[in-house]
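So the chains spell out like this:
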Amino acid sequence: MSDETVRGLANGLTNYGDKDFALYLRKSFARSMGYSNEMLARPTVGIAYTQSGFNNCHRHFPEMLDAVKRGVIAAGGLPLEFPTVSLGEVFLNPTSLRFRNLMSMDTEEMIRAQPMDSVVLMGGCDKTVPAQLMGALSAGRPAIQLVGGPMMTGRHKGERLGACTDCRRFWAQYRAGTVDDHEINQIEGRLSTTSGTCAVMGTASTMACIAEALGMMIPGTAAIPAVHADRLRAAEATGIAAVGLIGSGRTPDKIITEKSVENALRVLLAIGGSTNAIIHLTAIAGRAGISISLDRLNELSDTTPVLVNLKPTGANYMEDFFAAGGVGAVLREIKDSLHLDCLTITGETLGERLAADDGWVDHDVVASASNPIEPVGGLVALFGSLAPKGAILKRSAADEKLFEGEGRAVVFDSLEDMAKRIDDPNLDVNPDDYLVLQNAGPFSASCMPEAGYIPIPKKLASKGIKDMVRLSDARMSGTAFGTVILHITPDTASGGPLAFVRNGDRIRLSVKNRAIDLLVSPEELAKRKAAAGPFKPPVPERGYGKLYAQEILGADEGCDFKFLKPSKDA
Ligand code: FES
């Protein structure tokens, strides 16, 4: 912990056994960067900076950084950026989730170790915002989130395109043979045409909305497009606010509370947000000692309407959401169910923030609560003999006709098995079967990739089948859609019931009853368990992989690491 009364570079001195010497040496080295003594006497604002050649979504961060610094300097602070791990979703193997906790550790330790009085968290791509909020909560310094904002849409043959719901739609057409090699190559160049995060209500946009709903961001800034001048004004305002945080006592634990987490869950449901956000919000809340119960999620889901008409569940893109009023419009529509006394990073309460809002909203994009898109929330948790600790279905992105029923399991025992057999013309599969993927959970070697969106087998896709019930312990991209049951917990690799599903078993789904059950007798299950023997998730011999395997928690605990959770006596 920093000493709150000591500010700027004199804070947290390097330990040489002589404090005066340590400050003299630090200032001498800082002066080598060309700063004047006047600047070095100012309070310091750290800027967790995640620009990377492996992160297209953060391509515009140099310009945003300039604007943050401008704000800090104008408000009387000294801005000092520092690099941390950056996670570009599509550049990481096996999957970005494996590295979210690494980034959170890096962020936490660099905030704590370096002399900053407050910190701006510059993130955007899927895992970066949760990692930064987790790290900042654990570090305990005043912090404010700034996101990169969404990409603009592109055009293809007169149609608007946005990563990455349209990526999947066209890929499905390519697999079905209705789009050829030439056209898929054209589309590849037109899906992501500007800097910024995915253009739909995917995980990055969802996490940006959640950060704003939690109160960790300047109001009205979650949805500003990456290339819009308002994005730079938001960056400048964030720099000013970061200076205002110094000495205010508004550390992240004062903002992220049980009540603000519940507000964030309401917003997640109302925007029809990504399933991944359940895992991330659980992990963020966990760092503040707050647990999220999936039963409570269901209660909130039953009393929160879906309001936002955005892909992947609706028709529009993030640039339309911004123009329609953004998160403020959603918050105002569900105001009666929110905790308005929650403190936000600016020092206002949520209620004060909403009272100051100009109130304009385009109801074609953000529906009114009295005339919602869906009367109930976008996500629902399922429980049963197949998922004793829960599973998640994004019902707003699923086919309602498949919500109640029973199907024959067609099982793939790994990602490799699925890749090998899914398009086999001899695969024994019918449209009303349930596709089951095993060994893709957090304890597996693949570290819970976004593979839950199991492709429709080619032999069925070519006949026009677009959706089937699909089940796994994997995650799904926030930009995907379909009747896809995810995060089945406990997962296969830790010996959950999913491990014992066999081809031909019957599985019953009832969204109405929030139930997912494996219809196999207890005797038969016991026999299968005995034959399988004890489950030992793989542990690599060294390095971060070893740490991950030893410390990872299940989806029900946000896939955080055991040793990063706050100690009960803290
Ligand atoms: Fe970065 Fe989608 S790849 S937000």
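Residues numbered from 1 in each chain as written. Predicted model: local features only at pLDDT ≥ 70, side-chain atom pairs only at ≥ 80, totals over all residues. Heavy atoms only, no water.

Inclusion rule: UniProt positions are given in the numbering used here, feature names are shortened, and annotations may be inferred rather than shown by experiment.
The name given to the chain in an unreviewed UniProt entry is Dihydroxy-acid dehydratase, with Afipia felis as the source organism. On record in UniProt, under Sequence similarities (unreviewed entry), the comment for the chain is "Belongs to the IlvD/Edd family."

1. Side note on the environment of Lys562
Counted only if it meets this: For helices the rule is a DSSP run of H or I covering at least 4 residues; for strands it is a run of E covering at least 2, with both sets numbered from the N terminus onward. The buried label applies to any residue whose accessible area, calculated with a 1.4 Å probe on protein chains only, is under 20% of its type's maximum; exposed applies above 50%, and partly exposed to all values in between. Contacts: residue pairs with any heavy atoms within 4.5 Å of one another. Distance and chemistry together define a polar contact, namely a pair of N or O atoms within 3.5 Å, with one atom able to donate a hydrogen and the other to accept it when in protein, and with adjacent residues in sequence counting only for side-chain atoms on both sides.
Turning to its location among the elements, Lys562 is positioned in the segment after helix 20 (543-551). For Lys562, a relative accessible area of 45% gives the class partly exposed. When the C-alpha positions of Lys562 and Val469 are compared, they lie 33 Å apart, and in sequence the two are 93 residues distant. With near-sequence residues (within four places) excluded, Lys562 lies in contact with Gln550, Glu551, Ile552 and Leu553. A distance of 3.0 Å separates the side chain of Lys562 from the backbone oxygen of Gln550, its partner in a polar contact.

2. A few points about the side chain of Asn55
By secondary structure assignment, the location of Asn55 is in the loop between strand 1 (44-49) and helix 3 (61-74). Given a relative accessible area of 1%, Asn55 falls into the buried group. A distance of 3.0 Å separates polar atoms of two side chains, one belonging to Asn55 and the other to Ser86. Apart from the residues within four sequence positions on either side, Asn55 is in contact with Thr50, Ser86, Leu87, Gly88, Cys125 and Thr128.

3. Some points on a nonpolar patch on the surface
Formally: Patch membership needs two things, relative accessible area over 30% and no salt bridge, and members are linked within 9 Å if like-charged or within 5 Å if nonpolar (Val, Leu, Ile, Met, Phe, Trp, Tyr). To be clear on the numbers: accessible area is Shrake-Rupley with a 1.4 Å probe, and residue cover counts the displayed protein chains and nothing else. What makes a salt bridge here is a side-chain nitrogen of Lys or Arg within 4 Å of a carboxyl oxygen of Asp or Glu, nothing more.
On the surface, Tyr16, Phe21 and Tyr24 cluster together into a nonpolar patch covering about 350 Å² of accessible area. Secondary-structure assignment places Tyr16 in the segment before helix 1 (19-31). Judged by its relative accessible area of 46%, Tyr16 falls in the partly exposed class.

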